[in-house]
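Fold and geometry: a report
So the chains spell out like this:
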Amino acid sequence: MTPFTQFFFSLLVSLGLMGTAEGDGPSTPEGAAQVSGQASGQVSAQGASLFAYEDLRQSGRITLSPAFSHDGNTIYFAQADCERIWNCPQLLMRSSRTKTGWSQPQAVKLPQKARVDWPSVSPDGSTLYFSWAAQRDRHAGEDVYEDFDLFKLDLTDPLTVPEAIDEPDINRIRGGSIRKTRFVNNETAPVVTRDRDLYFWTERLDGAGLRDIYVARSDGAGGFLRPEILPAPINNDGENDGAWVAPGGRLMLLTTSERGSTAPANLHVSTFENGSWTTPRMLGHTVNSDYSEFAGRITPDGKTLVFTSDRPAYDGEAGLLHVWQVPVAEVPVLAAAMTAWP
């Protein structure tokens, strides 16, 4: 079990969501200094530094990797106003670039106060995609406890409300006999490319492994076709998650772990070549550590990798999720893959 999985396992146990079902085990144009918005940050043994730690008020709060607007001047991210994610929900936050860093985070107003996960911004900047565990009319009679679904929000209309991306078979209901089973039928981390293909990851009982990455291709009319599970080498019988795909659809960052592995969750990169995704390559010790690293994103200028890790920040304890950064140029495997950027 990877530390990434261990974190979500502890979350599910604390929420009373752990149950049994099919499958084995539980599951859960600026430079780097300018992106940080801080004069200094803690540097780990591997060379990564904290991303906007003070500006985003990360101390004592679970904070997840941000989504960047296409111009890099606005970020959206999920943050919980407490140290442990099961004590309070992570909400959707927004921050804007200032002359010295980033503005104080402000909550994005949503119709319900429900947990949010892993947002992204469309390449044209018009739409925010995110995973949201809102109560919905379709949950009536389904015995649902908490169900993350994919939503989109029109950023050009201040009066708009989130719209679920349900069909065809994108959002499945997490209820009945599987309502407390690991992460089954929770959909998260939606990313839409310039070709309007939708990537996300989830856990499904008819999937390839414990967690898998899917793509719902554009139908050419503003919607999506039925999701397809990505074939090997992206998915296997283990855990393949934390995925993010660059706007051009040719570079993917992901966490991949073999079933039963006890190694830390590490960030990998894959590129789309000759009609298929290459075998994921580990990013190396500049990024990965003895702790878990996941949910990588590259800033719009292509210069900086940001990611979430449960490594200690300053002299704090391990296990509290913070956002970290490292220049792409300092990660040889990633720098070589940037021929597929953007």
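Residues numbered from 1 in each chain as written. Predicted model: local features only at pLDDT ≥ 70, side-chain atom pairs only at ≥ 80, totals over all residues. Heavy atoms only, no water.

Confidence in the prediction for the protein averages 87 pLDDT; 86% of positions are at 70 or higher. This model gives residues 1-46 a pLDDT under 50, and the stretch forms 139 contacts once residues within four places in sequence are excluded. (pLDDT = per-residue confidence, 0-100. Contact = heavy atoms within 4.5 Å.)

The next thing to look at is the sheet that holds strand 21 (residues 304-309). The antiparallel open sheet is built from four strands, whose spatial order is 1-22-21-20. Every interior strand has two partners, whereas the edge strands, strand 1 (49-50) and strand 20 (293-298), have only one. In this structure, strand 1 lies alongside strand 22 (residues 322-327), joined through two bridges in antiparallel fashion. What sits directly across from Ser49, in strand 22, is Gln325. (Pairing = 2+ DSSP bridges. Helix = DSSP H or I, 4+ residues; strand = E, 2+ residues; numbered from the N terminus.)

Let us look at the sheet that holds strand 14 (residues 228-229). The sheet built from four strands is open, its strands ordered 11-12-13-14 with antiparallel pairing. In the strand order of this sheet, the two ends are held by strand 11 (187-192) and strand 14, each with one partner. Two elements, strand 12 (residues 198-202) and strand 13 (residues 212-216), share five bridges in a ladder whose sense is antiparallel. Across the sheet, the residue bridging to Phe200 is Tyr214, located in strand 13.

The next thing to look at is the nonpolar core. Leu251, Met252, Leu253, Leu283, Ile298 and Leu334 are the most contacted members of the largest nonpolar core, which has 49 residues in total. When residues of this core are assigned to their parent elements, the largest contribution, four residues, is made by strand 16 (residues 251-257). Ignoring sequence-local partners within four residues, the contact set of Leu251 consists of Trp244, Val245, Ala246, Val269, Ser270, Trp277, Ile298, Ala337, Met338 and Ala340. Membership of the second largest hydrophobic core comes to 14 residues, among which are Leu92, Ala114, Val121 and Phe151. (Core = buried A, V, L, I, M, F, W, Y, C linked by side-chain atoms within 4.5 Å. Buried < 20%, exposed > 50% of the residue type's maximum accessible area, 1.4 Å probe, protein only.)

Tallying each qualifying case throughout the model produces 15 salt bridges. For Arg136, the salt bridge goes to Asp149, with nearest N and O atoms at 2.9 Å. Of this pair, Arg136 sits in the loop between strand 8 (127-132) and strand 9 (149-154) while Asp149 sits in strand 9, and the two are 13 residues apart along the sequence. Here the two residues Arg136 and Asp149 agree in accessibility, since each one is buried. With a closest N to O distance of 3.1 Å, Arg211 and Asp241 form a salt bridge. Of this pair, Arg211 sits in the loop between strand 12 and strand 13 while Asp241 sits in strand 15 (residues 239-245), placing them 30 residues apart in sequence. For the pair formed by Arg211 and Asp241, the shared burial category is buried. (Salt bridge = Lys/Arg side-chain N within 4 Å of Asp/Glu carboxyl O.)

Tracing the chain through its elements places Val328 in the loop between strand 22 and helix 3 (332-337). For Val328, a relative accessible area of 5% puts it in the buried group. Along the primary structure Val328 and Thr304 are separated by 24 residues, whereas in three dimensions their C-alpha atoms are 5.1 Å apart. Beyond its immediate sequence surroundings of up to four residues, Val328 is in contact with Ile298, Gly302, Lys303, Thr304, Leu305, Leu334, Ala335 and Met338.

This brings us to the environment of Leu253. Here Leu253 lies in strand 16. Leu253 sits in the buried class, given a relative accessible area of 0%. Taking C-alpha positions, Leu253 is 9.0 Å from Ile298, a pair spaced 45 residues apart along the chain. Sequence-distant contacts of Leu253, defined by excluding residues within four places in its chain, comprise Gly242, Ala243, Trp244, His268, Val269, Leu283, Gly296, Arg297, Ile298, Leu305 and Leu334.

As for its position among the elements, Thr193 is in the loop between strand 11 and strand 12. Taking the relative accessible area as the measure of exposure, Thr193 reaches 4% and is therefore buried. The contact partners of Thr193, leaving out residues within four places of it in the chain, are Pro123, Tyr199, Val245, Ala246, Pro247 and Gly249.

Applying the stated rule across the entire model yields 14 aromatic pairs. With a centroid separation of 5.3 Å and 65 degrees between ring planes, the pair formed by Phe272 and Trp277 is classed as edge-to-face. Here Phe272 falls in the partly exposed class, since its relative accessible area comes to 29%. For Trp277, a relative accessible area of 7% puts it in the buried group. Taking the ring centre of Tyr214 as reference, the NZ or CZ of Arg204 above it sits at 5.2 Å. Between Arg211 and the ring centre of Phe183, over which it is positioned, the NZ or CZ distance is 4.9 Å. (Phe/Tyr/Trp six-rings, centres within 6.5 Å; stacked < 30°, edge-to-face > 60°. Lys NZ or Arg CZ within 6 Å of the ring centre and 35° of its normal.)

For the rest of this paragraph, the subject is unusual backbone geometry. The step from Ala232 to Pro233 runs through a cis peptide bond, and the omega angle for that step is 15 degrees. Note that Pro233 resides in the loop between strand 14 and strand 15. In this chain, Trp341 is followed by Pro342 through a cis amide linkage whose omega measures -5 degrees. Turning to its location among the elements, Pro342 is positioned in the segment after helix 3. Even without glycine at this site, Asn274 takes up a positive phi of about 55 degrees. Residue placement: Asn274 occurs in the loop between strand 17 (267-273) and strand 18 (276-277).

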